[in-house]
Each structure stands twice: as C-alpha cells, then as structure tokens.
Amino acid sequence: MSTVADTGLHHVEYVMGMAVSIDVRDGDVPPAAIDAAVRWLHHVDATFSTYKMESPISRFGLGEIDLDALATLDDDALYILALCEELRVDTNGAFDAFTVPAPNGSRFDPSGVVKGWSIERAAGILESYGAGNFCINAGGDIVVRGVEAPGRPWRIGVRHPVEPDKSAAVVDMVEQRAIATSATYERGAHIIDPATGGPTTDVASVTIVGPDLTYVDAYATAVFVMGVDGLLWLLERHPDYAGFVITHDGRTFATPNFG
C-alpha cells in the first residue's frame, strides 16, 4: 500500500515475512523510487528465503549447490556467502551463519545479515532517485537518511524488554545511520549460540547503532551471543558502532558513544 502525503511518500510492503515501512519526507521523489525498492526486496526474498525450498540459498544450504557449482549463484548470493565468512572470523564465531539451523532443514541461515544488507541496499535505491530524507523500518531494523523534518532528527525508541509500552532508551539519528535490536520478546529464544548449537538467553536485548545496517544487524546478533562482554568487543573492533545491552534483571550497559 502506497500513499502520497503533502511532503513525501509512504509505503508499507509485506515481504520477507514482515512489514517493511518506507517513509520518504522529500516532496519531489517519484513513486518509481518506492517501486524499485520494493522490487529489490522481493528479489531478496526469492533468493535468500530459508522458508522457500526452491530459493538458491536453500538449495545451497541443503547441498543441492555444492562448492564446485558456486558459479551458478548470482553475485548477490556469492557476496552474502563471503560476508558470512567475514563475520564469522571477525566475531570469533559468535556470528556463524554456517551453523544455524534453518527452517528448510539445513544448517545454514544467513538471515541475520541478509535483512540488514537488503534494507541498506533499498536505502541506496531510494537515494539514486533523489531521496535524501527518509526512514525504512523492517521489523524494527531501521535505516535513516537526512532528518525527519527541518531541524528535527529521526527519534527512535528502544523497546523495554519487559514493559512493552515503555522505551528503555531513545536515540536521535541524522544523516546516514541505522539501528537494530536483537531480543527474545517477539520471537522467544531464537538466537543460536554457535558454540553450543542451542538458543542463548543470557541477556534480554541488545541494540546496536552505526552507519550501515548490514553490520548493525549482524553485530546485534553477535553481541547478544557474547553477552555484556560483547560491548568491549564492539568498542575495540568497531568504534564507529555503539551498543546498548539490557539484562534480565533490568540493568543496562552501553558503550560511551551510545545515545
């Protein structure tokens, strides 16, 4: 569903198993920008869905496309395979898509990075049509550009893991920023610790803020697996990113640059 407001465009698309909201505040961006971004998201769903047995990524995970036949995958799929390996090494295995049980029955699920990457690419598509002030919200993983209104930043609330009607923090974001939260309050204990092969629930939620949703999304998963100590890893390895952790007893921990 698309609507044209007095200043900008608004569209909600159900894709990749979630509602993706696109809110463009520029008044001169053509509707074709939304159409192009939506086409891209449906391409991502067809290529990377681990719920669709016929998707290339499902076929790879199930061994129907072996290492000798990788050339049959498109450039996007090959990029994601390389990115998953990069993240596995960078996080010392805390993010390891190659060990995660997937809905298709395989043990390869790159969803923890595909969503952020695809939304970041969608943002690039909007920019190519001249959009400079917009927000894309994909199930709570959010990318923004510019400002919400002149002199007013995008204000993003971090949901409290125990009291859903309250915000645990509010983050002001301008220019090129992204935010993502990994938690158990929506989907239960679904984040897998690759070291044990089982779900981890050591912390209640992890929120990461940074310049690229591709990595923001993946780092949120990795720090959730690492626990509170993951903030030290983030601070040392990726100082351009900020982290915020809430424990089950309500304590909060954050890197100095969060906020």
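Quick summary incoming for the structure in this document. Residues take numbers from 1 onward in each chain, read along the sequence in its written order. Per-residue local features are limited, in this predicted model, to residues with pLDDT of at least 70; the limit for side-chain atom pairs, both in listing and counting, is 80 or more; totals at the level of whole chains, interfaces and linings are taken over all residues. Only hydrogens and water are set aside; all other atoms, that is, all heavy atoms of the structure, feed into the side-chain values.

Points about the packing of helix α1 (residues 31-48) against helix α3 (residues 75-90)
To keep things clear, this is the line we draw: Fitted lines through C-alpha atoms serve as axes, helices being fitted only where they are in contact, and the angles separating the N-to-C directions of these axes extend from 0 to 180 degrees. For helices the rule is a DSSP run of H or I covering at least 4 residues; for strands it is a run of E covering at least 2, with both sets numbered from the N terminus onward. The scheme is simple: roughly parallel for angles under 35 degrees, roughly antiparallel for over 145, roughly perpendicular for 65 to 115, oblique for anything else. Crossing chirality is assigned from the near helix's rotation relative to the far helix, an anticlockwise turn below a right angle marking it left-handed and a clockwise turn marking it right-handed. The contact rule is simple, with two residues in contact once any of their heavy atoms fall within 4.5 Å. Classes in brief: Ala, Val, Leu, Ile, Met, Phe, Trp, Tyr, Cys and Pro nonpolar; Asp, Glu, Lys and Arg charged; the others, Gly included, polar.
Direction vectors running N to C along α1 and α3 enclose 65°, while the axes themselves pass 11 Å from each other. Considered as vectors, α1 and α3 are oriented roughly perpendicular to each other. Crossing geometry of α1 relative to α3 is assigned as right-handed. In this structure, α1 contributes Trp40, His43 and Phe48 to the contact, and α3 contributes Asp76, Ala77 and Ile80. Taken together, the residues of the contact of α1 with α3 break down into four nonpolar, one polar and one charged.

A word on the pairing of strand β11 (residues 205-210)
Our working rule: Relative accessibility under 20% of the residue-type maximum defines a buried residue, over 50% an exposed one, and the middle range a partly exposed one, all with a 1.4 Å probe and only protein chains included. In this analysis, strands are considered paired if DSSP registers two or more bridges between them.
Across the six residues of β11, six count as buried, placing the element largely inside the fold. Side chains Ser205, Thr207 and Val209 of β11 all project onto a buried face; the interleaved residues Val206, Ile208 and Gly210 project onto the opposite face, where all are buried too. Across six bridges, strand β8 (residues 177-183) lies against β11 in antiparallel orientation. By the bridge assignment, alanine 180 is partnered in β11 with isoleucine 208. By the bridge criterion, five bridges tie β11 to strand β12 (residues 242-246) in an arrangement that is antiparallel. Residue pairing across strands places valine 209 opposite alanine 242, the latter belonging to β12.

Side note on the side chain of threonine 91
Rule in force here: Counted as a polar contact is a pair of N or O atoms within 3.5 Å, where, for protein atoms, one must be capable of donating a hydrogen and the other of accepting one, and residues adjacent in sequence contribute only when both atoms are in side chains.
Looking at where threonine 91 falls in the secondary structure, it is placed in the loop between α3 and α4 (111-128). For threonine 91, the side chain forms a polar contact with the main-chain oxygen of leucine 87, separated by 2.8 Å. Residues contacting threonine 91, with those up to four places away along its chain left out, are Ala222, Met226 and Trp233.

Description of the environment of isoleucine 125
Within the secondary structure, isoleucine 125 is located in helix α4. Between the C-alpha atom of isoleucine 125 and that of glycine 112, which follows or precedes it by 13 residues, the distance is 21 Å. Setting aside residues up to four positions removed in sequence, isoleucine 125 forms contacts with Ala33, Ala36, Ala37 and Trp40.

A look at the side chain of threonine 255
Turning to its location among the elements, threonine 255 is positioned in the segment after β13 (252-254). A distance of 2.9 Å separates a polar side-chain atom of threonine 255 from the backbone nitrogen of glycine 243. Looking at threonine 255, its side chain comes within polar contact range of the side chain of asparagine 257, at 2.6 Å. Not counting residues up to four positions away in its chain, the partners in contact with threonine 255 are Leu231, Leu234, Leu235, Ala242 and Gly243.

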